[in-house]
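Each chain, letter by letter, is given below.
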Amino acid sequence: MTDFSISEDLLQAENAARKAALDEDYAALGRALGRRGIDGDALTRRVMAFGVAIPTWGVGTGGTRFARFPGPGEPRHLFDKLEDCATIHHLVRATPTVSPHFPWDATSDYAALREVAASYGLAFDAVNSNTFQDQPNQEHSYKFGSLSHVEPAVRAQAIAHNIDCIAIGRQLGSKALTVWIADGSNFAGQSNLTLALDRYLDSMREIYAALPADWRVFLEHKLYEPAFYSTVISDWGTSFAAAQELGPKAQCLVDLGHHAPNVNIEQIVARLVRFGKLGGFHFNDSKYGDDDLDTGSVEPFRLFLVFNELIDVRMRGAEGFAPAYMLDQSHNVTDPIESLMQSAIELQRAHAQALIVDRSALAAAQAANDALGAHLELKRAYTTDVSPILAMARLRAGGAIAPIETYRASGYRKHKAKERPPVAGTSAGIV
Ligand code: LRH
Ligand code: MN
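Read on for an overview of the structure. Counting starts from 1 at the beginning of each chain's written sequence and moves along it residue by residue. Both sets of labels track the order of writing: A upward for chains, 1 upward for ligands. Only residues with pLDDT of at least 70 are given local features in this predicted model, and only at 80 or more are side-chain atom pairs given and counted; all residues enter the totals for whole chains, interfaces and linings. Water and hydrogen atoms were dropped before computing side-chain values, which therefore reflect all heavy atoms in the structure.

1. Observations concerning the packing of helix α2 (residues 40-48) against helix α13 (residues 387-396)
Thought 1: Orientation of α2 relative to α13, taken along the N-to-C sense of each, is 65 degrees, at an axis distance of 9 Å. Crossing of α2 against α13: the hand is right-handed. In this structure, α2 uses G40, D41, L43, T44, V47 and M48 to contact α13, whose residues at the interface are I389, L390, M392, A393 and R396.
Thought 2: Lys, Arg, Asp and Glu make up the charged group, whereas Ala, Val, Leu, Ile, Met, Phe, Trp, Tyr, Cys and Pro make up the nonpolar group; the residues left over, Gly among them, are polar. Its residues placed into classes, the contact of α2 with α13 shows 7 nonpolar, 2 polar and 2 charged. Under this scheme, a helix contributes an axis fitted over its contacting stretch, all axes are lines through C-alpha atoms, and angles between N-to-C directions fall in the 0 to 180 degree range. Numbered from the N terminus, helices here are DSSP runs of H or I no shorter than four residues, and strands are runs of E no shorter than two. In this scheme the crossing of two helices becomes right-handed for a clockwise turn of the near helix relative to the far one and left-handed for an anticlockwise turn of less than a right angle. Contact criterion: two residues are considered in contact whenever any of their non-hydrogen atoms come within 4.5 Å of each other.

2. What about the pairing of strand β9 (residues 250-255)?
Thought 1: Summary of the burial criterion: residues with accessible area below 20% of their type's maximum are buried, those above 50% are exposed, and those between are partly exposed, where the area comes from a 1.4 Å probe applied to protein chains only. Counting buried positions over the 6 residues of β9 gives 6, a clear majority of the element.
Thought 2: Burial along β9 is two-sided: the residues A250, C252 and V254 and Q251, L253 and D255 are all buried.
Thought 3: Between any two strands, pairing holds if DSSP finds at least two bridges. When strand β7 (residues 216-220) meets β9, the two strands line up parallel, connected through 4 bridges. By the bridge assignment for β9, V217 is matched with A250.
Thought 4: Sheet topology places β9 next to strand β10 (residues 278-283); 4 bridges connect them, and they run parallel. Bridge assignment links C252 to a residue of β10, and that residue is L278.

3. Description of the site of ligand 1
Thought 1: Residues are classed as near a molecule or strand on a simple rule: at least one heavy atom within 4 Å of it. Surveying the vicinity of ligand 1 reveals 12 residues, the closest of which are H101, E220, K222, D255 and D328.
Thought 2: Any pair of nitrogen or oxygen atoms within 3.5 Å is treated as a polar contact; in protein, a donor-acceptor pairing is required on top of that, and neighbouring residues in sequence qualify only through side-chain atoms on both sides. Contacts to ligand 1 include E220, whose side-chain N or O atom sits 2.7 Å from an oxygen atom.
Thought 3: One nitrogen or oxygen atom from the side chain of D255 is found 3.0 Å from an oxygen atom belonging to ligand 1.
Thought 4: To measure how exposed things are, a 1.4 Å probe is used in the Shrake-Rupley method; for residues, cover is taken only from the protein chains shown. Contact with the protein chains removes 95% of the 300 Å² of surface that ligand 1 exposes when unbound.

Structure below.
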């Protein structure tokens, strides 16, 4: 018996029931945008071209240090995860790539994995290394760090792992390695703050030297956790300086949850772009710390402001500007597939709203120091409900007008609960 997947018939039936209403809403929005000199169909085509990568570690239920409450039909291995990624892309048509994490996604045949992904119309984005956990039978522990560890043998082990990840990524067709390290300290004095960074840079130079010519390495900064006094790569400034020191293939990755509360993340994005060092994003949302909540679920205006900076740069035609868009979330209380679909839609929304900002009116207001006028140009775009355009983009790309409703109507999760008997001791999500 083949595994269940959502049929075209069901998708067509769900779309047919909503088509007339969508056409009406789409036409009305098209007229309203037309009065603002904006071509609705052109905007829909831009939305159809937008893509974000799904993190393999996000399709399983996530947890915290306190507990994880797995749901029914949890993916048991990478091939189940790819099947779920394919279901997400089938309905939202905005997630054509997958970002894997090693060794969580280790498998015996990466060429076969690449073929399976391709059979679902999926490709691989950046690969993620993991030197923040000890694996069974690992020779040296990462308890006191990895790439910045005081012991050369531990650093060598961590460097070798990252170089292995590059080798795996090459088999998968990936073009980038994301390096996030948990290295840091919990007590003042525990670590020499400068020597720790120097050891990290020495290690990264060896990893950088192993990068193929057309690859990039993304340095992911994070203010704290799991270290709670100092973190070696704690902010964009340190990440930027390290990327500068390493060379042109090194860029900075901005995980939205890795900053102190109220930090102006859109300005960090603007700065990294200005200096040609914005490599990519881990999109999520947060209220307090690295909460890994669904993108756009807490601060949708901030997400819009990030895309406003990205579109502003595109409009000014910045050289070689190709940030990698990836989600990085932990779905502790929702069906991960639903959360990932809605998060991709919230990214499409922020992107579309940023595209309809009247940039000449904004520039004129800025030049005239018309503070409120300038702000209202952004608010006008942000308060425009572009949902009909997002839905039409999905429909025209062969997806669902209403992905969540269609997914629920399909009973996909119930089917997976039957097909995927829980496997004790496996964890598809974070922790
Ligand atoms: C660290 C992080 C990093 C991943 C991990 C799953 O908090 O954001 O990007 O490796 O989460
Ligand atoms: Mn991240």
